[in-house]
Amino acid sequence: MDDNRSVDVKGRRIVPNDFTIALSAGDLESFGDIETTLTTELGEAAKEYAREEGYNFMGPVAVRLSTDDNLKNGRFNVISQLKQGSGGSAMASIVLPSGQRISLNQGTVTVGRLPECTISVNDSNISRQHAEMRQGGGGYVVIDLNSTNGTLVNGVRITGEQRLSDGDIISFGSTHVRFEAS
């Protein structure tokens with residue numbers, strides 16, 4: 001990631017988001033039973049490292065394993081690339097408590113008790129139309145829609161519009177979601 005970082009037109013440090021890990025055939029076979037878990041964990045580790053370093057991705061993080069017949073057991077090679085998200089922009093999403101992701105690149109995401117809300121939550125502490133999240137101010141924002149019990153970002157009640165940073169925890173009633181910038 002560090003070796004292939006770059007700077008985009010906005011001055012942000014961007015890093016590869018697509019990783020292929022080449023292994024010997026024997027090593028790849030030994031990871032067969034845990035390949036999905038391993039690639040998921042490696043993707044999460046890449047996102048965490050990028051957050052710590054202040055790096056940005058241009059699209060979703062993808063990790064896959066492949067075979068390289070020139071490698072001996074115990075050796076590996078990592079090939080990393082910058083891959084653009086759909087529409088040419090970074091991917092942003094809300095991660096629900098279930099682990100489900102809702103993309104913010106498709107427009108406004110609404111939260112409330114009403115069934116027509118994007119995130120419909122059956123919680124009496126949440127207003128019928130509680131909040132919305134969308135692109136705005138050069139990034140992504142959450143807007144409290146004058147809800148009765150308020151919207152919190154990282155435990156602090158917001159008024160009006162609040163810009164989101166990668167990893168922010170947004171709370172509506174007893175429901176907590178995580179914002180991921182990429």
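Heads up: the structure comes first, above all this text.
Asks: Even after reading the chapter, I still don't get the environment of Arg64, so can you show me in this structure?
Replies: Along the chain, Arg64 turns up in strand β4 (residues 62-67). Separated by 92 residues in sequence, Arg64 and Val156 have C-alpha atoms that sit 38 Å apart.

Asks: Looking at this structure, how should I read the sheet that holds strand β16 (residues 175-180)?
Replies: Strand pairing in a sheet relies on backbone hydrogen bonds, with the paired strands running either antiparallel or parallel. Strand order in the open sheet made by the six strands is β7-β6-β16-β15-β12-β13, with antiparallel pairing throughout. The open sheet terminates on both sides in strands that have one partner only, identified here as β7 (101-103) and β13 (156-157). Both strand β12 (residues 151-153) and β13 contribute to a ladder of two bridges, which runs antiparallel. In the strand pairing of β13, Leu152 is matched with Arg157.

Asks: Just to check I follow, could you spell out the packing of aromatic side chains for this structure?
Replies: For any two aromatic rings, the description comes down to two numbers: the centre-to-centre distance and the angle of the planes. This structure, assessed with the given rule, holds two aromatic pairs. Aromatic side chains Tyr140 and Phe179 sit 5.7 Å apart centroid to centroid with 50° between the ring planes, which places their arrangement in the tilted category. Of this pair, Tyr140 sits in strand β11 (residues 139-144) while Phe179 sits in strand β16; the two residues are 39 residues apart in sequence, bridging distant segments of the chain. Judged by its relative accessible area of 1%, Phe179 falls in the buried class.

Asks: Before we go on, may I ask you to explain the sheet that holds strand β9 (residues 119-120) in this structure?
Replies: Strand order across the open sheet formed by five strands is β9-β8-β10-β11-β14, with mixed pairing between neighbours. Since the sheet does not close on itself, it has two edges, and those belong to β9 and β14 (161-163), each with one partner. The pairing of strand β8 (residues 109-112) with strand β10 (residues 131-136) spans three bridges and is classified as antiparallel. Each bridged residue has a counterpart across the sheet, and for Val111 the counterpart in β10 is Ala131.

Asks: I would appreciate a short explanation of the nonpolar core in the present structure.
Replies: In globular proteins that are soluble, nonpolar side chains generally tend to be buried together. Ile94, Ile119, Met133, Val142, Ile170 and Phe172 are the most contacted members of the largest nonpolar core, which has 21 residues in total. Contacts of Phe172, omitting those with residues within four sequence positions, involve Val111, Asp123, Ile126, His130, Ala131, Met133, Val142, Thr151 and Val177. Grouped together as the second largest cluster of nonpolar side chains are twelve residues, Val15, Leu23, Tyr55 and Val63 included.

Asks: Just to check I follow, could you spell out unusual backbone geometry for this structure?
Replies: A negative phi angle is the norm for most residues apart from glycine, just as the trans form is the norm for most peptide bonds. The phi angle at Asn146 is positive, at roughly 55°, despite the residue not being glycine. Of note, Asn146 is situated in the loop between β11 and β12. Unlike most non-glycine residues, Asn154 shows phi in positive territory, near 55°. Position of Asn154 among the secondary structure elements: in the loop between β12 and β13.

Asks: Teacher, can you tell me more about the pattern of salt bridges here?
Replies: Once their charged atoms are close, side chains differing in charge can pair, the charge on each being opposite to the other. Taken as a whole, this structure holds nine salt bridges when the rule is applied. A salt bridge links Glu132 to Arg134; the shortest N-O distance between them is 3.3 Å. Take Arg134: its relative accessible area is 26%, and that puts it in the partly exposed class. The residue Glu161 makes a salt bridge to Arg134 at a minimum N-O spacing of 3.8 Å. Placement of Glu161 in strand β14 and of Arg134 in strand β10 is noted, with a sequence separation of 27 residues between them. With relative accessibility at 46%, the residue Glu161 sits in the partly exposed group. Several salt bridges share partner residues, and in doing so they unite Glu44, Lys47, Arg101, Arg178 and Glu180 into one network.

Procedures and definitions
- Residues numbered from 1 in each chain as written.
- Predicted model: local features only at pLDDT ≥ 70, side-chain atom pairs only at ≥ 80, totals over all residues.
- Heavy atoms only, no water.
- Helix = DSSP H or I, 4+ residues; strand = E, 2+ residues; numbered from the N terminus.
- Pairing = 2+ DSSP bridges.
- Phe/Tyr/Trp six-rings, centres within 6.5 Å; stacked < 30°, edge-to-face > 60°.
- Buried < 20%, exposed > 50% of the residue type's maximum accessible area, 1.4 Å probe, protein only.
- Core = buried A, V, L, I, M, F, W, Y, C linked by side-chain atoms within 4.5 Å.
- Contact = heavy atoms within 4.5 Å.
- Salt bridge = Lys/Arg side-chain N within 4 Å of Asp/Glu carboxyl O.

That's the geometry; what it means functionally is another story.
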